[in-house]
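Residues per chain are reported as follows:
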Amino acid sequence: KGAGSLGGIYTALVHSKTAYTFITACDMPLLNPAAIRKVVQSATKTDVVVPYIDESFHPMHAAYSKRCVKPIEEMLKTNDLRIHRLLEKVRVKKLLLEDFGNIAIKESVANINTKEDLEKLSPPM
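Computed from a predicted structure; not experimentally measured.

*Asks:* So what exactly am I meant to see when it comes to the overall build of the protein here?
*Replies:* Helix and strand content of the protein: six helices and five strands. Ordered by position in the sequence, the α and β elements of the protein form the string α-β-α-β-β-β-α-α-β-α-α. In terms of overall dimensions, the protein has a C-alpha envelope of 50 × 30 × 25 Å along the principal axes. In the protein, which comprises 125 residues, the share counted as buried stands at 39%. Nonlocal contacts in the protein, meaning residues at least 24 apart in sequence, comprise 72% of its contacts between residues at least 6 apart.

*Asks:* Which parts of the structure should I look at to understand the pattern of salt bridges?
*Replies:* Once their charged atoms are close, side chains differing in charge can pair, the charge on each being opposite to the other. Under the counting rule described, the total for this entry stands at six salt bridges. Across the salt bridge formed by aspartate 47 and arginine 67, the nearest N and O atoms sit 2.7 Å from each other. With aspartate 47 in the loop between helix 2 (33–41) and strand 2 (48–53) and arginine 67 in the loop between strand 4 (61–65) and helix 3 (69–77), the pair connects residues that are 20 residues apart, well separated along the chain. A residue is classified by how much of its surface remains accessible, and aspartate 47, at 8% relative accessible area, is buried. Look at arginine 67 and you get partly exposed, because its relative accessible area is 43%. Measuring nitrogen to oxygen at the nearest pair gives 3.4 Å for the salt bridge that ties aspartate 54 to lysine 106.

*Asks:* In this structure, what is going on with the nonpolar core? I would like to understand it.
*Replies:* The nonpolar side chains of soluble globular proteins are, as a tendency, buried together. In this structure, Ile9, Val48 and Tyr64 are the most contacted members of the largest nonpolar core, which totals 30 residues. Elements represented by at least two residues in this core include exactly helix 1 (4–15), strand 1 (20–24), helix 2, strand 2, strand 4, helix 3, helix 4 (83–89) and helix 5 (105–109). The element contributing the most residues to this core is strand 2, with four residues. Excluding its chain neighbours within four sequence positions, the residues that come into contact with valine 48 are Ala62, Ala63, Tyr64, Cys68, Leu87, Val90, Arg91, Val92 and Lys93.

*Asks:* Would you mind showing me how to read helix 1 here?
*Replies:* Helix length check: helix 1, at twelve residues, gives a terminal C-alpha distance of 17 Å against a target of 16 Å (1.5 Å per residue), a fit within 8%. If you check which residues of helix 1 are buried, you get Leu6, Gly7, Ile9 and Leu13. In a view along the axis of helix 1, the buried residues occupy a sector of 160°, so they form one face of it. Opposite the packed face of helix 1, turned more than 90 degrees from it, sit the exposed residues Gly4 and His15. Contact partners of the buried residues in helix 1: strand 1, strand 4, helix 3 and helix 4.

*Asks:* Looking at this model, I keep getting lost on the packing of aromatic side chains. Mind explaining?
*Replies:* Aromatic rings considered in pairs are described by the distance between their centres and by the relative angle of their planes. Scanning the model with the defined rule gives one aromatic pair in all. Across from the ring centre of tyrosine 52, 4.3 Å away, lies the NZ or CZ of lysine 94, which sits over that ring.

What counts and what doesn't
Residues numbered from 1 in each chain as written. Predicted model: local features only at pLDDT ≥ 70, side-chain atom pairs only at ≥ 80, totals over all residues. Heavy atoms only, no water. Helix = DSSP H or I, 4+ residues; strand = E, 2+ residues; numbered from the N terminus. Buried < 20%, exposed > 50% of the residue type's maximum accessible area, 1.4 Å probe, protein only. Contact = heavy atoms within 4.5 Å. Salt bridge = Lys/Arg side-chain N within 4 Å of Asp/Glu carboxyl O. Core = buried A, V, L, I, M, F, W, Y, C linked by side-chain atoms within 4.5 Å. Expected span 1.5 Å × (residues − 1). Arc of directions from axis to C-beta. Phe/Tyr/Trp six-rings, centres within 6.5 Å; stacked < 30°, edge-to-face > 60°. Lys NZ or Arg CZ within 6 Å of the ring centre and 35° of its normal.

This is how it looks when you write it as structure tokens:
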């Protein structure tokens, strides 16, 4: 409680029955099942698989290994809640735009935080 998105990732990983867990945010309305499959299928021999699109990581559209539990616990103890710091502590496989081929990854990683963000995604009626 009170640990933000990193706390949510930690809770999901602790309770997951699988080696990797796909994590997403509640403000990503255009999730693409093919993009999710690509991320999950790329999850081997690494700790996190994360899209790196337009020079930015998208850690809330990523597959996390249970191996992330211990580094996250250490971060939570020091109240370091920045997911990007976790990515500095674990093995990361970046998926670039070209790795997704014709999959609409930019739409899949888009999040809605403001009315303006929503208007950009929604055509006028």
